[in-house]
Amino acid sequence: MRAEQRLVQSPQMIQAMQVLQLPLMELKDQIEQELQENVFLERKDEADRPDPGAAAADAQPAETPYEDRLQREFATEIEQLESRNDSSWRNRSGSGAGGEEEDKKLEALANTPGRATSLADHLMTQVRTQEKDEALIRVIEHVVFSLDEDGRLADSPEQVAQQLLAPIPLAEEAVQVVRDLEPVGVGARDLRDCLLMQLDHLTYVPALTRRLVEEHLDDLAMNKLPKIAKESGATIDAIKEAWEFLKLHCNPHPGAEFGAGPASGVVPDVVVEEVDGRFEVKSQRGTLPDLAISGVYRSLLQEAKNDPKVYEYLRRKIDAAKWFIEALHQRQNTIERVATEVVRRQEGFLRHGVQHLKPMKMQDIADAVRVHISTVSRATSGKYIQTPQGVFDMKRFFSSGTMSDAGDMVSQQAIKDTLKGIVETEDKDHPLSDDDLVSELGKRGVHVARRTITKYRKALGIASSTRRRHF
């Protein structure tokens, strides 16, 4: 046995860290979950609302058991629920305030987009209207759910038959059924097979286009048009025309359009506004409700003092509600402090754009705000800030830098933005190599290694000079 001191995180600390890390939309879901699980927690507008039974409760003797009071409250809730299910309520006119509110809810419900249909659901709907053989449908279903997100099938019919212990002819028939479904190209073995399947469904296909797919697809992807011209005997203009036909009539990813849900908007946690020449930071709550401790249930704590078990249960629930509310306030305060320090250091970016973004590390902000670096990481992870330059992920502001000839530190983001601008204005007939890009940045006073340029170019999704060349 020995005596020792150890740092242990309390449940309150763990909860505060989890709340801090949640983005605004996920935090809203967490609040709704807490409201359902803890009866002592309620929205502030509900807490401020006068209790219709308060006068009656005051008139009751002080010795009324709290069980009876709970029963009365429960009965009131049931009456309210029954009144909403009443047919007369359903048929009421929307002329009143309540009717207008319900009309708005119904309108919002009617305009809510439905769940996106997955590729597998789309294909199986076609299968069930065309096929009746249950054994065949079972194998088809396995094939359909084996397709990747582009709609391609990696397994051969022999592998499918081995996985299901089914006859090979049955697996071959199932694969062929899938290849005949819409969209055309589903069930292909690879990109070449996918494109050829789609060309087979067209009434007219230039001979050169089919030859490009069959013999020169890899060279086409690498933009090696002179090599294709030499081997095929066609002119570069003819090759470009055949390529345009292929891009116009074929889809290399026929399954990608399914299952893509509606894009969700970004809700900024912090808004930066310029007031009288100074930037002010305001934290955003969005649609988050203000929370409070329920006064009704808190009064039960006094009534339950004679029952230790009930009293202890009520006290734990009230404490949990308090901790959650404090965690929300602490989250807002921490994000605002971190954002304020970031804005103070990045005033040049806010006024003039990304070229004036300064190198900044999370440790710098942690030291200035006097918190641990992990707290800064949680406070910026998944959070967005709305600035005069646009809406950005808060982690975008953290990057290392390079010393320029002028003696100023230039951030990685500024170098990437400069690199992107150089590529956009280059001569497309003679695109700049990575060595040329190093020289161009050097002319602007920024010196970086060639491998760094290659890394930045790939991060920006910029192809190599060979693939960027126009013929």
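Residues numbered from 1 in each chain as written. Predicted model: local features only at pLDDT ≥ 70, side-chain atom pairs only at ≥ 80, totals over all residues. Heavy atoms only, no water.

Draft legend 1. Seen up close, the pattern of salt bridges. For the structure on display, the rule yields 19 salt bridges. Of the charged contacts in the structure, one is a salt bridge between arginine 345 and glutamate 341, with a shortest N-O distance of 2.8 Å. Here arginine 345 and its partner glutamate 341 are both found in helix α18 (residues 308-345), four residues apart, which amounts to about one turn of the helix. Glutamate 426 is the partner of arginine 468 in a salt bridge, and the nearest nitrogen-oxygen pair spans 2.8 Å. Highlighted residues: arginine 468 in helix α25 (residues 465-468) and glutamate 426 in the loop between α22 (412-424) and α23 (434-443), separated in sequence by 42 residues. (Salt bridge = Lys/Arg side-chain N within 4 Å of Asp/Glu carboxyl O. Helix = DSSP H or I, 4+ residues; strand = E, 2+ residues; numbered from the N terminus.)

Draft legend 2. Just empty space enclosed by the protein, in detail. Under the definition given, this model contains one cavity of 30 Å³ or more. Estimated volume of the largest cavity: approximately 110 Å³. As for the largest cavity, its lining consists of Leu27, Ile31, Asp269, Ser283, Gln284, Arg285, Leu288, Pro289, Leu328, Arg331, Gln332 and Ile335. Sorting the residues of the lining of the largest cavity by element identifies α2 (24-37) and α18 as the ones contributing at least two each. (1 Å grid on protein atoms, 1.4 Å probe; cavity = no way out; pocket = protein on both sides within 12 Å on 5 of 7 lines; lining within 4 Å. Points joined across faces, edges and corners; volume = space filled by probe spheres on them.)

Draft legend 3. Looking closely at unusual backbone geometry. Residue glutamate 182 is joined to proline 183 through a cis peptide bond whose omega torsion reads 0°. The phi dihedral of leucine 165 is positive, around 55°, even though this residue is not glycine. When you line up the elements, leucine 165 lands in the loop between α10 (157-164) and α11 (168-179). Residue leucine 165 is classed as exposed on the basis of its relative accessible area of 78%. Unlike most non-glycine residues, asparagine 223 shows phi in positive territory, near 60°. Checked against the element boundaries, asparagine 223 lands in the loop between α14 (217-221) and α15 (225-232). In this structure asparagine 223 comes out as buried when scored by relative accessible area, which is 7%. (Buried < 20%, exposed > 50% of the residue type's maximum accessible area, 1.4 Å probe, protein only.)

Draft legend 4. Representation of the sheet that holds strand β5 (residues 384-387) within the structure. Read from one edge of the open sheet, four strands run β3-β2-β5-β6, paired in mixed fashion. Only two strands of the sheet have a single partner each, and these edge strands are β3 (278-283) and β6 (390-393). On average, adjacent strands in this sheet sit at an angle of 25° to one another, irrespective of strand direction. In this structure, β5 lies alongside β6, joined through four bridges in antiparallel fashion. (Pairing = 2+ DSSP bridges. Axes fitted to C-alpha atoms, helices over the stretch in contact; angles between N-to-C directions.)

Draft legend 5. Spatial organisation of the packing of aromatic side chains. One pass over the full model with this rule turns up four aromatic pairs. Judged by centre distance (6.4 Å) and plane angle (85°), the ring pair of tyrosine 204 and phenylalanine 245 falls under edge-to-face. One end of the pair, tyrosine 204, is in the loop between α12 (191-200) and α13 (207-215); the other, phenylalanine 245, is in helix α16 (residues 236-249), and 41 residues separate them in sequence. Under the relative-accessibility criterion, phenylalanine 245 is labelled buried at 15%. For the ring pair phenylalanine 392 and phenylalanine 397, a centre distance of 6.3 Å and an interplane angle of 75° mean the geometry is edge-to-face. Looking at phenylalanine 392, the relative accessible area reads 15%, which means it is buried. Following the ring pairs from residue to residue traces out a cluster consisting of Phe349, Phe392 and Phe397. The ring centre of tryptophan 243 lies 4.8 Å from the NZ or CZ of lysine 247, which sits over that ring. (Phe/Tyr/Trp six-rings, centres within 6.5 Å; stacked < 30°, edge-to-face > 60°. Lys NZ or Arg CZ within 6 Å of the ring centre and 35° of its normal.)

Draft legend 6. Structural detail: the environment of aspartate 190. Mapped onto the elements, aspartate 190 comes out in the loop between α11 and α12. For the pair formed by aspartate 190 and glycine 151, sequence separation is 39 residues and the distance between their alpha carbons is 9.8 Å. For aspartate 190, the side chain forms a polar contact with the main-chain nitrogen of aspartate 193, separated by 2.8 Å. (Polar contact = N/O pair within 3.5 Å; in protein donor to acceptor, adjacent residues only side chain to side chain.)

Draft legend 7. Examining the packing of helix α1 (residues 11-21) against α18 more closely. Two elements in contact, α1 and α18, have axes separated by 9 Å at closest approach and are oriented at 50°. Between α1 and α18, the interaxial angle falls into the category oblique. Two packed elements cross with a definite hand, and for α1 against α18 that hand is right-handed. Between α1 and α18, the residues in contact are Gln12, Gln15, Ala16, Val19 and Leu20 and Trp323, Phe324, Ala327, Leu328, Gln330, Arg331, Thr334 and Ile335, respectively. For the contact of α1 with α18, the per-class residue count stands at eight nonpolar, four polar and one charged. (Parallel < 35°, antiparallel > 145°, perpendicular 65-115°, else oblique. Left-handed = near helix turned anticlockwise from the far one by under 90°. Contact = heavy atoms within 4.5 Å. Nonpolar A, V, L, I, M, F, W, Y, C, P; charged D, E, K, R; others polar.)

Draft legend 8. Representation of the confidence of the model for the protein within the structure. Confidence in the prediction for the protein averages 78 pLDDT; 78% of positions are at 70 or higher. Considering each helix and strand of the protein separately, the mean pLDDT is smallest for helix α6 (residues 87-90), with a value of 40, and largest for α11, with 92. Segment residues 52-75 is flagged for pLDDT under 50; beyond a separation of four residues in sequence, or across chains, it makes twelve contacts in the model. Low confidence marks residues 105-114, where pLDDT is under 50. Its contacts with residues over four positions away, or in another chain, come to one contact. (pLDDT = per-residue confidence, 0-100.)

Draft legend 9. Representation of the side chain of arginine 152 in the model. Within the element layout of this structure, arginine 152 appears in the loop between α9 (134-144) and α10. An unpaired buried charge is present at arginine 152: no salt bridge exists, and aspartate 150, the closest side chain of opposite charge, is 4.5 Å distant. There is a polar contact of 2.8 Å between the side chain of arginine 152 and the backbone oxygen of proline 252. The residues touching arginine 152, leaving out its near neighbours within four places in the chain, are Ser146, Leu147, Ala188, Asp190, Leu191, Pro252 and His253. (Lys, Arg positive; Asp, Glu negative; His and termini not counted.)

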